[in-house]
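# Observations on chain architecture
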Amino acid sequence: MNTNHNGHTLRNLTNRVMAVIDDAEHARAAVETLERAGVPERELAALSGTEGAREIDAEGTYGGGVKHALRALQGLTVEGHPLRRYEAELASVHLVVDIAVHGRQKRDRVVQILRSHGAHFINAYGQSTIESVAA
């Protein structure tokens with residue numbers, strides 16, 4: 001599966017769910033199910049390979065000044081570990097699905113769909129919190 005951005009950007013982690021799916025077919029099925037459930041294409045990305053790692057950019061190496069500064073701050077907080085883990089999963093030829101979500105009900109539905117497609121290391125990012133939904 002190629003990285004699918006659809007105008008989606010991963011600068012700010014607020015109001016999103018991110019998860020690892022080990023298999024490209026399961027990731028594709030998860031994306032299709034999320035779209036059928038009403039998640040707009042522009043709010044959804046399946047990240048893979050080097051291009052996906054550049055999008056996550058845990059160290060802020062590839063982004064502009066704002067993203068570089070933001071990642072530097074996140075690296076000092078609890079947000080840094082998950083970003084580095086997502087990059088490591090991509091290096092292991094797994095995929096990371098990133099979905100913008102607003103509201104707990106939508107978040108819970110997204111998490112349910114991801115789980116049903118074998119997702120793990122699922123994290124929900126709120127305004128000021130990170131909730132590990134599944135290991």
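So, here's what we can say about the structure. For every chain, the first residue of the written sequence is number 1, and numbering continues from 1 along that sequence. In view of the model being predicted, local features appear only for residues whose pLDDT reaches at least 70, and side-chain atom pairs are presented and counted only at 80 or more, with totals across whole chains, interfaces and linings using the full set of residues. With hydrogens and water set aside, each side-chain value is computed from the structure's full complement of heavy atoms.

## Digging into the overall build of the protein
- Strands here mean DSSP runs of E at least two residues long; helices mean DSSP runs of H or I at least four residues long; both are numbered from the N terminus. Counting its regular elements, the protein contains five helices and five strands.
- Listing each helix as α and each strand as β along the protein from the N terminus yields β-α-β-α-α-α-β-α-β-β.
- Put simply, the protein has 135 residues, and 45% of those count as buried.
- If you take every contact in the protein between residues at least 6 apart in sequence, the share linking residues at least 24 apart comes to 73%.
- Only the protein chains shown count as covering a residue, and every accessible area follows the Shrake-Rupley method with a 1.4 Å probe. Put simply, the protein shows about 6800 Å² of open surface, and 50% of that area lies on carbon and sulfur atoms. Only protein chains enter the accessibility calculation, which uses a 1.4 Å probe; a residue whose area is less than 20% of its type maximum is buried, one above 50% is exposed, and one in between is partly exposed. Any two residues having at least one pair of non-hydrogen atoms within 4.5 Å are treated as being in contact.

## With respect to the pattern of salt bridges
- A pairing counts as a salt bridge when a side-chain nitrogen of Lys or Arg comes within 4 Å of a carboxyl oxygen of Asp or Glu. One pass over the full model with this rule turns up five salt bridges.
- With its nearest N and O atoms 3.0 Å apart, the salt bridge here joins Arg 28 to Glu 25. Of this pair, Arg 28 and Glu 25 both sit in helix α1 (residues 24–36), three residues apart, which is roughly one turn of that helix.
- Residue Arg 28 is classed as partly exposed on the basis of its relative accessible area, which comes to 31%.

## So, the sheet that holds strand β2 (residues 44–47)
- Note on pairing: DSSP must find at least two bridges between two strands before they are called paired. Spatially, β2-β3-β1-β4-β5 is the arrangement adopted by the five strands of the open sheet, whose pairing is antiparallel. The two strands at the open ends of the sheet, each matched to only one other strand, are β2 and β5 (130–134). Neighbour-to-neighbour, the strand axes of this sheet turn through a mean angle of 15°, independent of strand direction.
- Where strand β1 (residues 16–21) lies against strand β3 (residues 95–100), six bridges are found, and the strand directions are antiparallel. Looking across to β3, one finds that Ala 19 is bridged to Val 97. Lines are fitted to the C-alpha atoms to define the axes, a helix being fitted only along its stretch in contact, and any angle between axes, read from their N-to-C directions, falls within 0 to 180 degrees.

## Notes on unusual backbone geometry
- If you check the backbone angles, Asn 15 has positive phi at about 55° while not being a glycine.
- For Asn 15, the position within the fold is in the segment before β1.
- Accessibility expressed as a relative area gives 22% for Asn 15, which makes it partly exposed.
- Backbone geometry at Phe 121 places phi at a positive 45°, although glycine is not the residue there.
- Within the secondary structure, Phe 121 is located in strand β4 (residues 120–125).

## A closer look at the nonpolar core
- Grouped together as the largest cluster of nonpolar side chains are 23 residues, with contacts concentrated most on Val 17, Leu 34, Ile 99, Val 110, Leu 114 and Ile 122.
- The set of elements that each furnish at least two residues to this core consists of β1, α1, β2, β3, α5 (104–116), β4 and β5.
- Excluding anything up to four places from it in sequence, Leu 114 contacts Val 17, Ala 19, Ile 21, Ala 30, Leu 34, Val 97, Ile 99, Ala 119 and Ile 122.
- We define a nonpolar core as any set of buried Ala, Val, Leu, Ile, Met, Phe, Trp, Tyr and Cys residues linked to one another through side-chain atoms lying within 4.5 Å. Counting 13 residues, the second-largest nonpolar core is a separate cluster that includes Ala 45, Ile 56, Val 96 and Phe 121.

Note that all results are geometric; they support no functional claim without further evidence.
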